[in-house]
Amino acid sequence: MNMGKLSRVLLRVLAALAVLAAFVALDWYPTVKDLGLLRRQRGDLERKIREYAIMAARFNFPDEAETSLLTQADGELRRALPLVENDDAWMASARAELLKREKGLANLILVFGKAEGFGPGRPGLTAWLRLQGQEIRQSFEAAEPWRRYLWHGVFPMDPAAGERLASRPLGIALEAPLPVLFDFINRVSWGAARLEIVRLRLEPAGESARAWLVCGGSYLVTEPSPWRVKMEHGEGDEELLIDRDSPLLLRKVDPLLAPRVEKKELPAAPPVRGGTAGSPW
Amino acid sequence: MVRARPIEEAKSERARFYQIRYFLGYPMAASHAAAELVRHVDALIAPLRLRAVQIDLGLHDLGFELAVEVSGGGPRDVRRRLAVFLERLRHVPNITLADFSGPGPTTRGGGVRVFTVNGRAELQP
């Protein structure tokens, strides 16, 4: 075989090898890779199906006792919401029960329904509130139900006929010695209004301290209300979500896993370390 | 498929039970957590001084901001006192995060420096 013929054969072999390499790189290898991925995904799916089948086989349907617990919970929720005629009635009721519960502080407490609505009240406290005006306004806005409502998933889509779910902000301010303020803050949610603190600010003022709180409360109202909670929630809303795949939901509800929160007084004041007893900070 | 729908309905009802319990307990848990936090900070702030406390309540925890005043002392002494306070704060029950908002004071003047501490604490309803 002469050199020319040999080199032609060699070239054909190299060309064939190049075509084969191109086929491997562009078709065979990606296909094998995709097949591997599909196999892994199928394996994962089969494993999930097996696990779910095992869990479903262990599923405990509610019995009479559990159904009673579930019904009681709905009843508790219904009773927890004050039913009022209009928004002003709720404000008045929340204010009245706060002042009644904190009888000793009634003259020191300012309750206001809008950011600049704290009135003349006590001069030092009012002047301080005016300095805080922007933050108080932002807090009121943050508590508006179309911006922030934590409980969309808790309430049924359609309340009873003639009732609307509403929520509105409420401001509270007072100036008092620190231990008195601590107890006040702790008890602010104890009433039927079930006030939820949105923001709280505390600053020293001489021998006492000043505080303002912006709170929100949910209630049922019979008249049309600008504070009505829309059942669809906005972007960025926090939500009370329960993982639907949680094993917790496969078994009967356990009240011990969600114990009732009871009213709890603050412990007695610890001994003062450094500083001056009675001096706020 | 026959069992799937009743299972989903039962799961929804159970989820709702836990959600209702959380909703009912939240206001008291939140106000207690806020009051406890301020009480703890008051107990351990000395010899520093607390200028302001601000607390924002969330669904599962709260965020706090403390304006802490340090008077006198050189930079090393100030850092040491702040470090002691921060360490004590981090040991307060339910506090999950506490740190300075920046490397230096947010305001200074007249021998007084004010630092901002931000953090988070659990509600544990």
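If you're wondering where the values come from, they're calculated on a predicted model, not measured in any experiment.

The rules we used
- Residues numbered from 1 in each chain as written.
- Chains lettered and ligands numbered in written order.
- Predicted model: local features only at pLDDT ≥ 70, side-chain atom pairs only at ≥ 80, totals over all residues.
- Helix = DSSP H or I, 4+ residues; strand = E, 2+ residues; numbered from the N terminus.
- Rg over C-alpha atoms; globule rule 2.2 N^0.38 Å.
- Buried ≥ 20, exposed ≤ 12 C-beta atoms within 10 Å, placed from the backbone.
- Contact = placed C-beta atoms within 7 Å.
- Nonpolar A, V, L, I, M, F, W, Y, C, P; charged D, E, K, R; others polar.
- Pairing = 2+ DSSP bridges.
- Domains from an automatic or database assignment.

Looking now at the overall build of chain B. Helices and strands together make up the secondary structure of chain B, namely two helices and five strands. Moving toward the C terminus, one meets the helices and strands of chain B in the order α-β-β-α-β-β-β. Radius of gyration (C-alpha) of chain B: 21 Å, far over the 14 Å computed for a compact globule of 125 residues. With respect to the three principal axes, the spread of C-alpha positions in chain B is 75 × 25 × 20 Å. Here chain B, with 125 residues, has 38% of them falling under the buried criterion.

This brings us to the interface of chain A and chain B. Counting residues at the interface gives 48 residues for chain A and 47 residues for chain B. At the level of secondary structure, the elements contributing two or more residues to the side of chain A that touches chain B comprise α2 (64–80), α6 (178–187) and β4 (196–205) of chain A. Its residues assigned to classes, the side of chain A that touches chain B shows 31 nonpolar, five polar and twelve charged. In the sheet, β4(A) pairs with strand β1 (residues 49–57) of chain B via four bridges, with the strands oriented antiparallel. Bridging from a neighbouring strand, A:Arg199 pairs with B:Asp56 of β1(B).

Looking now at the domain arrangement of chain A. Assigned domains of chain A: these are domain 1 (1–59) and domain 2 (81–244). One C-alpha centre belongs to domain 1 of chain A, the other to domain 2 of chain A, and the line joining them spans 64 Å.

For the rest of this paragraph, the subject is the environment of A:Glu141. Looking at the secondary structure, you find A:Glu141 in helix α5 (residues 133–142). For the pair A:Glu141 and A:Pro177, spaced 36 residues apart in sequence, the C-alpha to C-alpha distance is 29 Å.

This paragraph deals with unusual backbone geometry. Cis geometry marks the peptide bond from B:Ala46 to B:Pro47, where omega comes out at 5°. For B:Pro47, the location among the structural elements is in the loop between α1 (4–44) and β1. Phi at A:Arg194 takes a positive value of approximately 50°, unusual for a residue other than glycine. Under the C-beta neighbour-count criterion, A:Arg194 is labelled buried, with 21 such atoms within 10 Å.

What follows deals with α6(A). Note that an α-helix has 3.6 residues per turn; residues three or four places apart therefore point the same way. The buried count for α6(A) comes to seven of ten residues, which makes it a mostly enclosed element. For α6(A), the complete set of buried residues consists of A:Leu178, A:Leu181, A:Phe182, A:Phe184, A:Ile185, A:Asn186 and A:Arg187.

Moving on, we come to the environment of A:Ala209. All names here are of chain A. Its location among the elements puts Ala-209 in strand β5 (residues 208–221). Note on Ala-209: 25 C-beta atoms within 10 Å, which makes it buried. Between the alpha carbons of Ala-209 and Val-180 there is a distance of 9.6 Å; along the sequence they are 29 residues apart.

This part covers the pairing of β5(A). Residue and element names in this part refer to chain A. By the criterion of burial, β5 is predominantly enclosed, with twelve of the 14 residues buried. Strand direction decides the pairing type here: strand β1 (residues 83–84) and β5, joined by two bridges, are parallel. Pairing of Val-84 across the sheet is with Val-221, part of β5. One ladder, built from 13 bridges, connects strand β3 (residues 164–176) with β5; its direction is antiparallel. Looking at β5, one finds that Pro-169 is bridged to Gly-216. The antiparallel hairpin formed by β4 and β5 contains two residues in its connecting segment, where Gly-206 sits at a positive phi of about 65°.

Looking now at the environment of B:Val68. Residues and elements named next belong to chain B. Along the chain, Val-68 turns up in strand β2 (residues 61–71). Along the chain, Val-68 and Val-114 lie 46 residues apart, while their C-alpha atoms are 5.4 Å from each other. Apart from residues no more than four positions distant in its own chain, Val-68 is found in contact with Leu-48, Leu-50, Phe-85, Val-114, Phe-115 and Val-117.

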